[in-house]
Amino acid sequence: MSPATEPDVYGILRRHVSPGLALGYKMVGHGAYEVAANGATVRLSDGRELIDFGSYAVTLLGHRCGPVVDAVAAQLAAMPTGTRALANPTVAVFIEELLSRCGAELERVWLGSDGADAVEVALKLARRGTGRPRILAVEGAFHGKTLGALSVTDSTSFRAGLDGVLGPVTHLRRDDAGAVAREVRAGDVAALIVEPVQGEAGVRPLDAGVVRQWGADARAAAAFLISDEIQAGLRRCGPFSMAVDAGWAPDAVLFGKALGGGVLPLSAAVGTSDFFAPLVGDPTWHTATFGGHPLSCAAGRASLPVIDRLAERADELGARFGRELRDLARGYPALVREVRGQGLLWGVDFARPAMAGSMLVELADAGLLVSPCLSSRRTIRLLPPMVTTPAELERAMEAFRTALAATGRIAAEEPAADETAADEPVAGGPA
Ligand SMILES: Cc1ncc(COP(=O)(O)O)c(C=O)c1O
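Fair warning: this is a prediction, and the values are worked out from it, not measured in the lab.

Here is what the cut-offs are and how they apply
Residues numbered from 1 in each chain as written. Predicted model: local features only at pLDDT ≥ 70, side-chain atom pairs only at ≥ 80, totals over all residues. Heavy atoms only, no water. Pairing = 2+ DSSP bridges. Helix = DSSP H or I, 4+ residues; strand = E, 2+ residues; numbered from the N terminus. Axes fitted to C-alpha atoms, helices over the stretch in contact; angles between N-to-C directions. Contact = heavy atoms within 4.5 Å. Near = heavy atom within 4 Å. Polar contact = N/O pair within 3.5 Å; in protein donor to acceptor, adjacent residues only side chain to side chain. Areas by Shrake-Rupley, 256 points an atom, 1.4 Å probe, with all protein chains shown as cover. Nonpolar A, V, L, I, M, F, W, Y, C, P; charged D, E, K, R; others polar. Buried < 20%, exposed > 50% of the residue type's maximum accessible area, 1.4 Å probe, protein only.

Re the sheet that holds strand β13 (residues 336–342)
Read from one edge to the other, the open sheet built from four strands follows the order β13-β14-β17-β16, with strand pairing classed as antiparallel. Unpaired on one side and paired on the other, β13 and β16 (371–373) mark the two borders of the sheet. Put simply, the sheet's adjacent strands are angled 30° from each other on average, direction ignored. Judged from the six bridges that link them, β13 and strand β14 (residues 345–350) form a sheet pairing that is antiparallel. Across the sheet, the residue bridging to Q342 is L345, located in β14. Of the strands in this sheet, β13, β14 and β17 (376–382) touch helix α12 (residues 294–330), which is tilted by about 10° from β14.

Pasting the structure below:
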């Protein structure tokens, strides 16, 4: 694009969306913006190429995954939008293929676009099915920002000014194995919702034994167990569904983000027939105009076999990535408090939030995009795509080394500011 035709991207965002968002983008891109991408590499308007280990967990298959793009193009050529008065085979076949990976118990589905869509329908189903109002969630939980999803999201900042209109929810301490047994005694609990790995809280895997106990106690009280795997599922952290694989017998599992193959928005709530009873009886009870869109389902259908095919490679990549991250972090004990993660979802926890902020910018300067954690300002999140090549991984590690060194120099020069509310959310960010 010539300078005359180039849009004033930052000016538009500053004037019409948010000055803070425009500034954040400008700092990360050094005034350039994204124009193209392939696999784990993104090209900027100034010609630079960055490795993308961010994108808020959407690009598990990288950018422009070939079979997904082809399937979307074919659907686009045939019939992009469904009538919703007639059955659509692309949607039906996608549903069957998704459920075939979720175990025999989970045989019903509702399709949406965003993760929060899947959370909303799950909370409604649990309340309607049990006739009880209260939901149990976990400290630090992130389930989205629409009113229902926000009610189970544990963030003072995102909830500020809205507490009065959010439904009744109790957040449990992560290590309190007896919490569900205690809470269900009141007889008003519809469901427990958990993230097997809490991504936005700073990449915190929950203790499997504690969740197993919680699930058993919920079941004994006829309350449902909902596993939110919008970020960690689809083999990002190993299994297709972490809850099914761990034998927690979830009543519902939620998927999103990478489900559309990194090409189109797609989310799903899958569950037992018992959990889905209100929707089986009346499918109009919860609908969305674009839920189960044929283009998205074409993308989802094409992405599932690619995920299967790359899963083993992803396990090896994740193990190597985690090892190398830990090795690098060991050289900076004054900066890095902890490296946590599993598979292709890693969090690096810094001593101070300013260090994590500095790392986001220094990493981009050095050629690597990562995501912040929306509910933990000390932690940066790294989400390598399954398709990351050895050369891209090497470039990413080199960028990490460079950014750590730069952040170490900055931290040594600047006195520690008073950084309270370290676990409050970062500004901006789409998720
Ligand atoms: C575990 C989890 N649940 C739900 C959501 C909400 O998804 P969305 O932003 O697509 O609505 C997110 C987003 O980060 C998430 O990580």
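We are not done yet, so read on.
Topic: the site of the ligand
Around the ligand, the surrounding shell holds 13 residues, and the nearest of these are G115, A116, D228, Q231 and K257. Note that an oxygen atom of the ligand is positioned 2.8 Å from one of the backbone N or O atoms of A116. One of the side-chain nitrogen or oxygen atoms of E200 is found 3.2 Å away from an oxygen atom of the ligand. Surface burial for the ligand is 91%, taken as the share of its 390 Å² of free accessible area covered by protein chains. Here the residues of the shell around the ligand sort into four nonpolar, four polar and five charged.

Let's talk about the side chain of S267
As for its position among the elements, S267 is in strand β12 (residues 267–271). One polar contact links the side chain of S267 to the main-chain carbonyl oxygen of D114, over a distance of 2.7 Å. With residues near it in sequence (within four places) discarded, S267 still touches W110, L111, G112, S113, D114, G115, D117, A118, F255, G256 and L259.

So, the pairing of strand β5 (residues 134–138)
Along β5, five of the five residues are buried, which leaves the element largely enclosed by surrounding structure. Where β5 meets strand β6 (residues 169–172), four bridges bridge the pair, whose relative direction is parallel. Residue pairing in the sheet places V138 in a bridge with L172 of β6.

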